[in-house]
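The lines below spell out each chain.
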Amino acid sequence: MKYRTIGKAAVALLLAAALLFSAVGCGPQAQTVPEASSSSAAAPEPADSPEEEDLPVGVIAETADTITYDDMLAGEVTIQKRPQRVVVMLTAVMELWYMAGGTAVARIEGEDNIPEEAKDLPTIGTMSTPSVEKIVSYEPDLVILVNTLTKNREIQPALQEAGIPNISVRYKDYQDFCDLFELFTHITDQPERLEALDDIQAQVDAEIEQVQGKPEQKVMILYATAKYVKAGVQDSVIGDMLNRLGAVNIIDAEAANGQSMVDYSMEKVLESNPDVLFIQMANGGEKAEQNALNEIQNNPAWQEVRAVQEGRVYTVPREYSTLKPNARYPEAFAYFAEKLYGDAS
């Protein structure tokens, strides 16, 4: 299944049904009014529908040189294709931008998810402390913001006021990855790059197909930093992959109220008794992991949980979670499938 072309078959069926209805309901009129043949002039109008379906998620209109985008922060914005001076405000999104054929003039500080070609670029601050002044100084023709990041939302009005073209995107799960990849190839005007997405999707689909019919696994994600441990929900990188693989997160997504992590109670954990625990390390690396392990080891209640009793507690590599898998999505799905269902997956 290729997620970026999912609407085409449905559109074709609807179009065929519409033409059939037209032939049955208007046939006699066509015989008495020869000019009815001019109705064929209207044919290009429905024929345009499949092209509209091919537009990436969020794109309202596209020309040879521009894209009009429905931006969550700024509303309807029109940007130029093939930008040459780009700043991307999250390294994981920057890596994806480069996969789609883009380049940049500056970047956010950090070492993770940085394409080799971008490692020596000047920086414009950290993810939590970006400098609008530095961004503007590089005279970008496009800034790509991430609308789930507070600081990105805060600086967007300043970029607008400075006349800096910008769009804001969402990147929380696998579908967002697919949607962004396609959007970026339209902005860079390099549709041939979508072959890489087709290959990634085919591998992911194969991993999902292999676990169909496996026994249901209840899971819990422990989102750990050096300071606290919370529970991860389905609307996250890991939660989404586990859901696609048939696992059931014991944390109610609706109760999370749109958050990617929430506080949890041991009463709820004991009641649900998850089969598998996954530790997701945020910033802090080993300290975050140890904080989660201490939580489990020092609370006797955790020893009553099936996942702990059976030794099914796994620390997820950050490249499969917090850092966003990107081209590594097939590896990430394979990792979780094996932890959920064993080698038989």
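Remember, predicted model here, so these are calculated numbers, not experimental data.

Cut-offs applied
- Residues numbered from 1 in each chain as written.
- Predicted model: local features only at pLDDT ≥ 70, side-chain atom pairs only at ≥ 80, totals over all residues.
- Heavy atoms only, no water.
- Helix = DSSP H or I, 4+ residues; strand = E, 2+ residues; numbered from the N terminus.
- Buried < 20%, exposed > 50% of the residue type's maximum accessible area, 1.4 Å probe, protein only.
- Contact = heavy atoms within 4.5 Å.
- Areas by Shrake-Rupley, 256 points an atom, 1.4 Å probe, with all protein chains shown as cover.
- Salt bridge = Lys/Arg side-chain N within 4 Å of Asp/Glu carboxyl O.
- Core = buried A, V, L, I, M, F, W, Y, C linked by side-chain atoms within 4.5 Å.
- Pairing = 2+ DSSP bridges.
- pLDDT = per-residue confidence, 0-100.
- Axes fitted to C-alpha atoms, helices over the stretch in contact; angles between N-to-C directions.
- Right-handed = clockwise from strand over helix to strand, strands pointing away.
- Parallel < 35°, antiparallel > 145°, perpendicular 65-115°, else oblique.
- Left-handed = near helix turned anticlockwise from the far one by under 90°.
- Phe/Tyr/Trp six-rings, centres within 6.5 Å; stacked < 30°, edge-to-face > 60°.
- Polar contact = N/O pair within 3.5 Å; in protein donor to acceptor, adjacent residues only side chain to side chain.
- Expected span 1.5 Å × (residues − 1).
- Arc of directions from axis to C-beta.

S.K.: I'd like a rundown of the overall build of the protein chain, residues and numbers included.
M.R.: Across its full length, the protein chain holds 13 helices and 13 strands. By the burial criterion, 47% of the 345 residues in the protein chain qualify as buried. Restricting to contacts in the protein chain with at least 6 residues of sequence separation, those with at least 24 account for 64%. In the form shown here, the protein chain has an accessible surface area of approximately 17,100 Å², with 50% of it arising from carbon and sulfur atoms.

S.K.: Give a detailed account of unusual backbone geometry, specifying residues and quantitative values.
M.R.: One non-glycine residue with positive phi stands out, namely Arg82, at about 55°. Tracing the sequence through the fold places Arg82 in the loop between strand E3 (75–80) and strand E4 (86–88).

S.K.: An account of the pattern of salt bridges is needed here, citing residue identities and associated values.
M.R.: Scanning the model with the defined rule gives 15 salt bridges in all. Connected through salt bridges with shared partners, the residues Arg170, Lys172, Asp173, Asp176 and Asp235 form a single ionic network.

S.K.: Explain the nonpolar core residue by residue, including any values.
M.R.: Residues Ile144, Ile167, Phe177, Phe184 and Tyr329 are the most contacted members of the largest nonpolar core, which totals 62 residues. Formed by 22 residues, the second largest nonpolar core is a distinct cluster that contains Leu222, Val262, Tyr264 and Met281.

S.K.: Kindly report on helix H4 (residues 91–99), identifying the contributing residues and their values.
M.R.: One turn of the α-helix equals 3.6 residues, which is why residues spaced by three or four share an orientation. Counting buried positions along H4 yields nine of nine residues, so the element is predominantly enclosed. Every buried residue of H4 is listed here: Thr91, Ala92, Val93, Met94, Glu95, Leu96, Trp97, Tyr98 and Met99. Buried residues belonging to H4 abut E4, strand E5 (106–107), strand E6 (142–146), helix H7 (174–188) and helix H8 (194–210). Two residues or fewer past H4, Gly101 is found with a positive phi of approximately 95°.

S.K.: A description of the pairing of strand E1 (residues 59–62) should follow, citing residues and the corresponding values.
M.R.: Here E1 runs beside strand E2 (residues 66–71); their pairing, made up of three bridges, is antiparallel. Each residue of the ladder has a partner; that of Glu62, found in E2, is Ile67. Here E1 hands over to E2 after three residues, the two strands then running antiparallel side by side.

S.K.: Go over the confidence of the model for the protein chain, please, and point to the residues and values.
M.R.: The predicted coordinates ought not to be read in detail in places where the model reports low pLDDT. On average, residues of the protein chain carry a pLDDT of 85, and 82% of them reach 70 or more. Long-range and interchain partners of residues 1–51, a stretch whose pLDDT sits below 50, account for 26 contacts in this model, where long-range means more than four residues apart.

S.K.: Which residues make up the sheet that holds E6, and what values go with them?
M.R.: An order of E5-E4-E6-E7 is seen for the four strands of this open sheet, with the pairing classed as parallel. Each edge of the sheet is formed by a strand with only one pairing partner; in this case those strands are E5 and strand E7 (166–169). Pairing analysis gives three bridges linking E4 to E6, with the strands arranged parallel. The residue bridging Val88 from the neighbouring strand is Ile144, located in E6. Helix-sheet contacts for helix H6 (residues 150–161) involve E6 and E7, and the interaxial angle to E6 is about 155°. In the packing of H7 onto the sheet, contacts are made with E6 and E7, and the angle to E7 comes to roughly 165°.

S.K.: Lay out the pairing of E7 in plain terms, naming residues and giving numbers.
M.R.: Side chains of E7 alternate between two faces, with Asn166 and Ser168 and Ile167 and Val169 buried alike. For E6 and E7, the ladder comprises four bridges, and the chain directions are parallel. Bridging from a neighbouring strand, Val143 pairs with Asn166 of E7. Following the backbone out of E6, through H6 and into the adjacent parallel E7, one traces a crossover that is right-handed.

S.K.: Can you explain the packing of H7 against H8? Please cite residues and give values.
M.R.: Contact geometry for H7 and H8: axes closest at 10 Å, N-to-C directions at 165°. If you check the angle between H7 and H8, you find them roughly antiparallel. Relative to H8, H7 is oriented so that their crossing is left-handed. Residues Tyr174, Phe177, Cys178, Phe181, Glu182 and Thr185 of H7 form the contact with H8, whose participating residues are Leu194, Ala196, Leu197, Ile200, Gln201 and Val204.

S.K.: An account of the packing of aromatic side chains is requested, with residue identities and associated values reported.
M.R.: In this description, an aromatic ring pair is defined by two values, namely the gap between the centres and the angle between the planes. For the structure shown, the criterion picks out twelve aromatic pairs. With a centroid separation of 6.2 Å and 70° between ring planes, the pair formed by Tyr264 and Trp302 is classed as edge-to-face. Placement of the pair is Tyr264 in the loop between strand E11 (261–262) and helix H10 (266–272) and Trp302 in the loop between helix H11 (286–298) and helix H12 (306–309), with a sequence separation of 38 residues. Of the residues examined, Trp302 reaches a relative accessible area of 0% and is grouped as buried.

S.K.: Which residues make up the sheet that holds E1, and what are the values?
M.R.: The three strands are arranged E1-E2-E3 in an open sheet whose pairing can be described as antiparallel. At either end of the open sheet lies a strand with only one pairing partner, and these are E1 and E3. Neighbouring strand axes in the sheet, compared pairwise and without regard to direction, differ in orientation by 20° on average. Along the sheet, H7 makes contact with E1, E2 and E3, crossing E2 at roughly 145°.

S.K.: Please set out the side chain of Gln280 residue by residue, giving values where relevant.
M.R.: With respect to the element layout, Gln280 can be found in strand E12 (residues 276–281). In this structure the side chain of Gln280 is engaged in a polar contact, spanning 3.2 Å, whose partner is the side chain of Thr322.

S.K.: Explain H11 residue by residue, including any values.
M.R.: For H11, built from 13 residues, the straight-helix expectation of 18 Å at 1.5 Å per residue is met to within 8% by its first-to-last C-alpha distance of 18 Å. Buried within H11 we find Ala288, Asn291, Ala292 and Ile296. Buried residues of H11, viewed axially, fall in a sector of 135°; they line one side. Exposed residues pointing more than 90 degrees away from the buried face of H11 are listed as Glu286, Lys287, Gln297 and Asn298. Buried-residue contacts for H11 involve strand E8 (218–224), strand E9 (229–232), E12, H12 and strand E13 (313–316).

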